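# Inside the fold
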Amino acid sequence: MKDLIEKAAEMLTLGYTDHEIVRILRIPPSTADSFILQAEQWNDTTFVPYTESDIDDMADYFGA
């Protein structure tokens, strides 16, 4: 179940809609709302550090 939540969380960050995630991962409609909520919470609590490339891109964008 944890793997499925992580996959849904990643799909959310990639721009998939709730409906698309439920259909692609074949989640039962009765549990879809709580499942998507758990995936959103996963994204809120998971810290992904910036890479050097990300930092360079931000510096270029903000003119630093």
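The preceding data block contains the structure.
This report concerns the structure included in the present document.

Thresholds, definitions, all that
Residues numbered from 1 in each chain as written. Predicted model: local features only at pLDDT ≥ 70, side-chain atom pairs only at ≥ 80, totals over all residues. Heavy atoms only, no water. Helix = DSSP H or I, 4+ residues; strand = E, 2+ residues; numbered from the N terminus. Rg over C-alpha atoms; globule rule 2.2 N^0.38 Å. Contact = heavy atoms within 4.5 Å. Areas by Shrake-Rupley, 256 points an atom, 1.4 Å probe, with all protein chains shown as cover. Expected span 1.5 Å × (residues − 1). Buried < 20%, exposed > 50% of the residue type's maximum accessible area, 1.4 Å probe, protein only. Patch = residues over 30% accessible without salt bridge, like charges linked within 9 Å, V, L, I, M, F, W, Y side chains within 5 Å. Salt bridge = Lys/Arg side-chain N within 4 Å of Asp/Glu carboxyl O. Lys, Arg positive; Asp, Glu negative; His and termini not counted. Charge placed at Lys NZ, Arg CZ, Asp CG, Glu CD.

Further remarks concern the overall build of the protein chain. Along the protein chain, the regular secondary structure elements total four helices and zero strands. The order of helices and strands in the protein chain, counted from the N terminus, is α-α-α-α. Taking 64 residues into account, the globule formula puts the C-alpha radius of gyration at 11 Å, and the protein chain, at 15 Å, lies well above it. The C-alpha extent of the protein chain, read off along each of the three principal axes, is 50 × 20 × 15 Å. Of the contacts formed within the protein chain by residues at least 6 apart in sequence, a portion of 50% connects residues at least 24 apart. Of the roughly 5300 Å² of accessible surface on the protein chain, 55% is carried by carbon and sulfur atoms.

Once that is clear, we can look at helix 3 (residues 29–45). Over its 17 residues, helix 3 extends 25 Å from the first C-alpha to the last, a length consistent with the 24 Å expected when each residue adds 1.5 Å. The set of residues buried in helix 3 consists of Ala32, Phe35, Ile36 and Ala39. At its buried positions, helix 3 is contacted by helix 1 (2–13) and helix 2 (18–25).

This part is about a negative patch on the surface. Taken together, the side chains of Glu52, Asp54, Asp56, Asp57 and Asp60 present a region of like negative charge at the surface. The residue aspartate 54 is located in helix 4 (residues 52–62) in this model. What makes aspartate 54 partly exposed here is its relative accessible area of 32%.

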